[in-house]
Amino acid sequence: MAFKPKSAAETKARDLGLALARIAEGEGLPASIGVDRLRQASPRLTPLAVGQMVRKERETVAATLAERGLALVDYSDHGPGRGMAFTIDAAA
């Protein structure tokens, strides 16, 4: 099987998944994670990038969490200035 390089979007989606996993594992499950907490963990992940990654590369984020035994239970985006929230729990 030939090596397929990852796109920048896939790499950033994986970074998002890993950041969510680290925070959830540190806070205990189920974890409710806001975008501000996520930015503290990984300043590279701007709110715009986070929103795009969840919309366009949700499968990559979910697969990254699944590798750690976690699942993205809920994601909500309340619009500009109101924030985003993720709910992470153990995979069923």
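Keep in mind that this is a model prediction, so the values were computed, not measured. (Residues numbered from 1 in each chain as written. Predicted model: local features only at pLDDT ≥ 70, side-chain atom pairs only at ≥ 80, totals over all residues. Heavy atoms only, no water.)

**Details of the overall build of the protein chain**
Secondary structure summary: the protein chain contains four helices and three strands in total. Of the regular secondary structure in the protein chain, the N- to C-terminal order runs α-β-α-α-α-β-β. On C-alpha atoms alone, the protein chain measures out to a radius of gyration of 13 Å, which is about the 12 Å that the 2.2 N^0.38 rule sets for 92 residues. For the protein chain, the C-alpha atoms occupy an extent of roughly 45 × 30 × 20 Å along the three principal directions. Here the protein chain holds 92 residues, and 32% of them are scored as buried. Sequence separation of 24 or more characterises 52% of the internal contacts of the protein chain that already satisfy a separation of 6 or more. Roughly 5,500 Å² of accessible area belongs to the protein chain as shown, and the carbon and sulfur atoms make up 54% of that amount. Charged side chains of the protein chain number 13 positive and 11 negative; the gap between the two group centres comes to 6 Å. (Helix = DSSP H or I, 4+ residues; strand = E, 2+ residues; numbered from the N terminus. Rg over C-alpha atoms; globule rule 2.2 N^0.38 Å. Buried < 20%, exposed > 50% of the residue type's maximum accessible area, 1.4 Å probe, protein only. Contact = heavy atoms within 4.5 Å. Areas by Shrake-Rupley, 256 points an atom, 1.4 Å probe, with all protein chains shown as cover. Lys, Arg positive; Asp, Glu negative; His and termini not counted. Charge placed at Lys NZ, Arg CZ, Asp CG, Glu CD.)

**Concerning the side chain of E57**
Examined against the element boundaries, E57 turns out to sit in the loop between α3 (47-56) and α4 (58-67). Buried and unpaired, E57 has K56 as its nearest opposite-charge partner, separated by 8.3 Å. Apart from the residues within four sequence positions on either side, E57 is in contact with A9, E10, A13 and Q52. (Salt bridge = Lys/Arg side-chain N within 4 Å of Asp/Glu carboxyl O.)

**A closer look at the sheet that holds strand β2 (residues 70-77)**
Strand pairs in the sheet, formed through backbone hydrogen bonds, run parallel or antiparallel to each other. Within the open sheet, the three strands sit side by side as β1-β3-β2. Their pairing is antiparallel. Edge strands, defined here as strands with exactly one partner in the open sheet, are β1 (31-34) and β2. Averaged over all neighbouring strand pairs, the angle between strand axes comes to 20°, with direction disregarded. Strand contacts of α4: β2 and β3 (84-90), with the helix running at about 140° to β2, the strand carrying the most contacts. (Pairing = 2+ DSSP bridges. Axes fitted to C-alpha atoms, helices over the stretch in contact; angles between N-to-C directions.)

**Topic: the confidence of the model for the protein chain**
On average, residues of the protein chain score 86 in pLDDT, and 91% of them reach the 70 mark or higher. Put simply, α3 is where the protein chain has its lowest mean pLDDT, 85, and α4 is where it has its highest, 94. (pLDDT = per-residue confidence, 0-100.)

**Examining the environment of P47**
Along the chain, P47 turns up in helix α3. Residue class for P47 comes out partly exposed when judged on its relative accessible area of 34%. For the pair P47 and D74, spaced 27 residues apart in sequence, the C-alpha to C-alpha distance is 17 Å. When residues no more than four places from it in sequence are discounted, the contact partners of P47 are V35, R39 and M84.

**Quick look at the packing of aromatic side chains**
Scanning the entire structure with this criterion turns up one aromatic pair. An angle of 40° between the planes, with centres 4.9 Å apart, marks the rings of Y75 and F86 as tilted. Highlighted residues: Y75 in strand β2 and F86 in strand β3, separated in sequence by 11 residues. In this pair, the class of Y75 matches that of F86, namely buried. (Phe/Tyr/Trp six-rings, centres within 6.5 Å; stacked < 30°, edge-to-face > 60°.)

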